[in-house]
Amino acid sequence: MPNRLAQSQSLYLRKHADNPIDWWPWCDEALEKANAEDKPIFLSVGYSSCHWCTVMEGEAFSNEAIAHYMNEHFLPIKVDREERPDLDSIYMQALQMMVGQGGWPLNIFLTPDERIPFYGGTYFPMEPKYGRPGFLEVLKALRNFYDTQKEKVTSVTGQIYEGLQKSAFLEPSGGIGRDLLNAGLDYSAGVLSSDSPGPRFPMIPYADAALRGSRFQLNAQYDAGGLAQKRGLDLALGGIYDHVGGGFHRYTVDPTWTVPHFEKMLYDNGQIVEYLANLWSVGIEEPAFERAIAKTVEWLTREMTAPEGYFYAAQDADSFITPDDQEPEKGAFYAWTYSDLEKALTETELSELTQHFTISPEGNFEGQNVLQRKQFGELPDSAEHSLKKLYERRYGTPFDPHQVIQPARNNQEAKTQPWPGRIPPVTDTKMIVAWNSLMISGLARASVVFQNREYYQLAAQAGQFSLTNQRVEGRFHRLNYDGVVSVSAQSEDYALFIKALLDLHQAAVSIGEGAVPSAATWLAEAVNLQTEFDNWLWSIETLGYFNTARDASDDLVI
């Protein structure tokens with residue numbers, strides 16, 4: 001029998017609706033019940049396209065023994081971090097204080113009265129592995145700790161609360177001058193220079209700061225301009241980029257930018273499009289940058305744009321190979337076995353494509369191939385032709401830059417629709433203002449750099465959607481679920497949408513006559529929204545913006 005989450009608008013929460021755990025959404029009733037019954041809160045935070053969230057849902061959260069113990073001894077609450085980034089940021093910071101690192105799913109245990117953490121982690125396996133205890137063992141130990149060692153619980157929560165308070169109210173840093181600016185820009189370049197093992201993330205804010213800082217004559221430790229250019233090449237040539245269908249995955253699991261964690265997030269793609277356009281604008285006119293932008297826009301219009309004009313949030317890392325599969329497989333939609341490639345291409349085509357991409361019979365990802373370019377520059381027409389044949393094999397239809405594919409909104413749709421090609425990953429179709437804003441900014445910047453009116457129009461229709469639909473009773477809102485507006489806008493929504501409006505203003509000025517709406521319209525809307533932002537989130541005492549508005553913060557520990 002489905003639990004309370006079955007009625008949620010959030011795809012991530014609905015994915016847990018059939019768990020035997022008696023999940024609650026984050027709400028006053030759940031918080032009051034935990035306090036009244038003196039049950040520690042088990043808070044689990046994740047998002048729909050998160051691979052390890054999916055794994056834990058299918059393992060620990062579907063286990064009857066774990067559910068029985070959880071329901072008896074804890075008050076379990078599920079939160080979609082994309083709905084409530086304020087809650088996620090507070091408890092992720094607490095987790096990092098406790099264990100030194102974070103990630104999702106974020107699983108954290110809170111006192112029922114003050115909602116302060118006393119233990120936390122990320123993925124908990126069913127049985128002991130990866131050096132981690134089994135989840136049921138963790139639950140029993142923590143309930144015993146909470147019941148028998150109240151003083152220690154109080155000591156731990158006191159330290160965590162103090163740390164959170166300090167992070168929320170920073171002391172004045174003194175003068176801000178050239179030395180501090182130089183140090184910050186050099187630090188950003190240093191982030192890009194890391195040669196440590198492990199995963200690689202785009203880190204676009206650091207890359208963009210390094211690119212901008214390269215204009216100055218700094219006494220710097222790092223070559224900011226060279227590192228900024230290299231980051232662009234790593235992104236446009238690497239396996240993090242989907243060379244067949246367009247769009248960027250969230251990160252790679254290795255330091256060579258080869259094998260991605262396959263989810264595609266709107267926020268990454270918006271930032272990367274803007275960054276590659278910025279590289280081009282300073283004279284680094286690498287054809288791979290222009291191609292990556294163009295193919296990403298094709299992916300955006302084909303798979304991620306609602307009929308109303310806004311952009312969907314994300315696509316899963318995992319997808320089903322056949323409709324009979326119980327669980328989806330990581331990367332199944334994107335990776336290629338060598339036999340797949342032999343069936344799709346002629347011997348000559350495969351041989352030539354191998355000259356440009358990492359392809360081998362043994363593969364580079366679990367016996368399969370993730371395509372990664374071997375050199376920069378322009379791809380020959382013959383290689384582009386082979387990639388279009390791979391596109392046809394994946395999607396089941398010949399390549400068409402104007403094709404629109406209806407999304408699979410959940411696992412059931414993914415497994416039951418008559419897809420002509422591979423079964424696609426599930427798409428989270430909610431509209432998030434902050435993430436739409438990042439893509440609007442990327443498209444607007446690319447429209448200026450490449451003088452492309454189609455990029456501008458795509459950005460403009462998304463911007464107009466938020467202006468028309470996201471204000472309810474005089475307040476701007478963060479989310480839209482198929483026409484249903486939800487959650488008051490948070491600081492990132494205001495700030496990024498204001499930036500997007502200013503970027504649209506600049507794009508309209510650059511494109512000139514015929515830009516609709518006009519540049520003046522975008523600027524006026526930006527000024528109006530800034531006034532609302534100041535009214536609800538500006539702190540006179542600390543001279544900065546809160547994450548969450550004054551009238552929407554009662555359930556937050558800070």
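Structure first, text after, so check above.
Residues numbered from 1 in each chain as written. Predicted model: local features only at pLDDT ≥ 70, side-chain atom pairs only at ≥ 80, totals over all residues. Heavy atoms only, no water.

Attention shifts here to the overall build of the protein. In terms of regular secondary structure, the protein is built from 20 helices and 18 strands. In summary, the protein has a C-alpha radius of gyration of 24 Å against a globular reference of 24 Å for 558 residues, a match within 12%. Looking at the 558 residues of the protein, the share that counts as buried comes to 54%. For the protein, the proportion of contacts with a sequence separation of at least 24, taken over those separated by at least 6, is 66%. When the accessible surface of the protein is totalled, it reaches about 24,300 Å², and 51% of it is carbon and sulfur. A gap of 2 Å separates the mean positions of the 46 positive and 75 negative side-chain charges of the protein. (Helix = DSSP H or I, 4+ residues; strand = E, 2+ residues; numbered from the N terminus. Rg over C-alpha atoms; globule rule 2.2 N^0.38 Å. Buried < 20%, exposed > 50% of the residue type's maximum accessible area, 1.4 Å probe, protein only. Contact = heavy atoms within 4.5 Å. Areas by Shrake-Rupley, 256 points an atom, 1.4 Å probe, with all protein chains shown as cover. Lys, Arg positive; Asp, Glu negative; His and termini not counted. Charge placed at Lys NZ, Arg CZ, Asp CG, Glu CD.)

This part takes up the sheet that holds strand 8 (residues 264-265). Judged by pairing direction, the sheet is antiparallel, and its three strands sit side by side in the order 8-9-12 without closing on themselves. On the outer flanks of this sheet lie strand 8 and strand 12 (427-428), each paired with one strand and no other. Inspection of the sheet shows strand 8 paired to strand 9 (residues 314-315) by two bridges, in the antiparallel sense. Bridge pairing in strand 9 links Lys264 to Gln315. (Pairing = 2+ DSSP bridges.)

A few words on the side chain of Thr111. Looking at the element boundaries, Thr111 is found in the loop between strand 4 (106-110) and strand 5 (117-121). Take Thr111: its relative accessible area is 7%, and that puts it in the buried class. Not counting chain neighbours up to four residues away, the residues in contact with Thr111 comprise Ile41, Ile116, Phe118, Val153 and Thr157.

A surface patch of nonpolar side chains, about 440 Å² in accessible area, is lined by Trp538, Ile540, Leu543 and Tyr545. By secondary structure assignment, the location of Leu543 is in the loop between strand 17 (538-539) and strand 18 (544-545). Accessibility expressed as a relative area gives 62% for Leu543, which makes it exposed. (Patch = residues over 30% accessible without salt bridge, like charges linked within 9 Å, V, L, I, M, F, W, Y side chains within 5 Å. Salt bridge = Lys/Arg side-chain N within 4 Å of Asp/Glu carboxyl O.)

Here the focus is the state of the cysteines. Tallying each qualifying case throughout the model produces one disulfide. Paired by a disulfide, Cys50 and Cys53 hold their sulfur atoms 2.4 Å apart. On the S-S bond that ties Cys50 to Cys53, the torsion sits near 80°, and the link is right-handed. Like Cys50, the residue Cys53 is buried in the burial classification. (Disulfide = S-S within 2.5 Å.)

Bringing the packing of helix 9 (residues 204-213) against helix 11 (residues 266-281) into the picture now. For any two helices packed against each other, the geometry is given by the interaxial angle and the distance between the axes. Where helix 9 contacts helix 11, the two axes come as close as 10 Å, and the packing angle between them is 15°. Regarding the angle of helix 9 to helix 11, the classification is roughly parallel. Here the hand of the crossing between helix 9 and helix 11 comes out left-handed. Residues Ile204, Pro205, Ala207, Asp208, Leu211 and Arg212 of helix 9 touch helix 11, and the partners they reach there are Gln271, Ile272, Tyr275, Asn278 and Leu279. Here the residues of the contact of helix 9 with helix 11 are counted per class, giving seven nonpolar, two polar and two charged. (Axes fitted to C-alpha atoms, helices over the stretch in contact; angles between N-to-C directions. Parallel < 35°, antiparallel > 145°, perpendicular 65-115°, else oblique. Left-handed = near helix turned anticlockwise from the far one by under 90°. Nonpolar A, V, L, I, M, F, W, Y, C, P; charged D, E, K, R; others polar.)

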